[in-house]
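Listed here are the chains, written in short residue letters.
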Amino acid sequence: MFSCALCEKETVYVVSLCNKCRRIKHLLNLYDERVYEVLESVLVRNVEGQNNKVDNVLKKDLEKREYNLRKKNKLNNIE
Ligand SMILES: [Zn+2]
């Protein structure tokens, strides 16, 4: 019986990481440096600042998707 190597809270038996931390490891493998940038820029704030940052990021993503959709529709002559 051992503790998870990352969170040091969950108990693990055969593996070194618990399920939640394995997910984090997977995201690190996928996004590499971006994970560190997001954690530093989003989580290193107070709760209100975190919520504002999440809202702003979601808003920007939504605006970008709408822009890309409009551009795609314009290329295909669909309005
Ligand atoms: Zn863990």
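Computed from a prediction, not measured in an experiment: that's the story for all the values here. (Residues numbered from 1 in each chain as written. Predicted model: local features only at pLDDT ≥ 70, side-chain atom pairs only at ≥ 80, totals over all residues.)

**Q** Tell me about the overall build of the protein, and name the residues and values.
**A** Broken down by element type, the protein carries 3 helices and 2 strands. Along the protein, helices (α) and strands (β) appear in the sequence β-β-α-α-α when read from the amino end. Against the 2.2 N^0.38 benchmark of 12 Å for 79 residues, the protein shows a C-alpha radius of gyration of 19 Å, more extended than a compact globule. Projected onto the principal axes, the alpha-carbon positions of the protein cover approximately 60 × 30 × 20 Å. Counting across all 79 residues of the protein, residues that qualify as buried make up 0%. (Helix = DSSP H or I, 4+ residues; strand = E, 2+ residues; numbered from the N terminus. Rg over C-alpha atoms; globule rule 2.2 N^0.38 Å. Buried ≥ 20, exposed ≤ 12 C-beta atoms within 10 Å, placed from the backbone.)

**Q** Any chance you could break down the domain arrangement of the protein for me, citing the residues and the numbers?
**A** Annotation of the protein at the domain level lists domain 1 (1-44) and domain 2 (47-79). Look at where the C-alpha atoms of domain 1 and domain 2 centre, and you get two points 29 Å apart. (Domains from an automatic or database assignment.)

**Q** Quick rundown of helix α1 (residues 19-31)? Include the residues and the values.
**A** Helix length check: α1, at 13 residues, gives a terminal C-alpha distance of 18 Å against a target of 18 Å (1.5 Å per residue), a fit within 8%. Two residues or fewer past α1, Asp 32 is found with a positive phi of approximately 50°. (Expected span 1.5 Å × (residues − 1).)

**Q** Describe the environment of Val 47, and please don't skip the residues or the numbers.
**A** On the secondary structure map, Val 47 appears in helix α3 (residues 47-75). C-beta crowding within 10 Å serves as the criterion here: with 7 such atoms nearby, Val 47 is assigned to the exposed category.

**Q** So what's going on with unusual backbone geometry? Residues and values would help.
**A** Phi at Glu 8 takes a positive value of approximately 60°, unusual for a residue other than glycine. Residue placement: Glu 8 occurs in the loop between β1 (2-3) and β2 (11-12). Although it is not a glycine, Asp 32 sits at a positive phi angle of roughly 50°. Structurally, Asp 32 is set in the loop between α1 and α2 (33-43).

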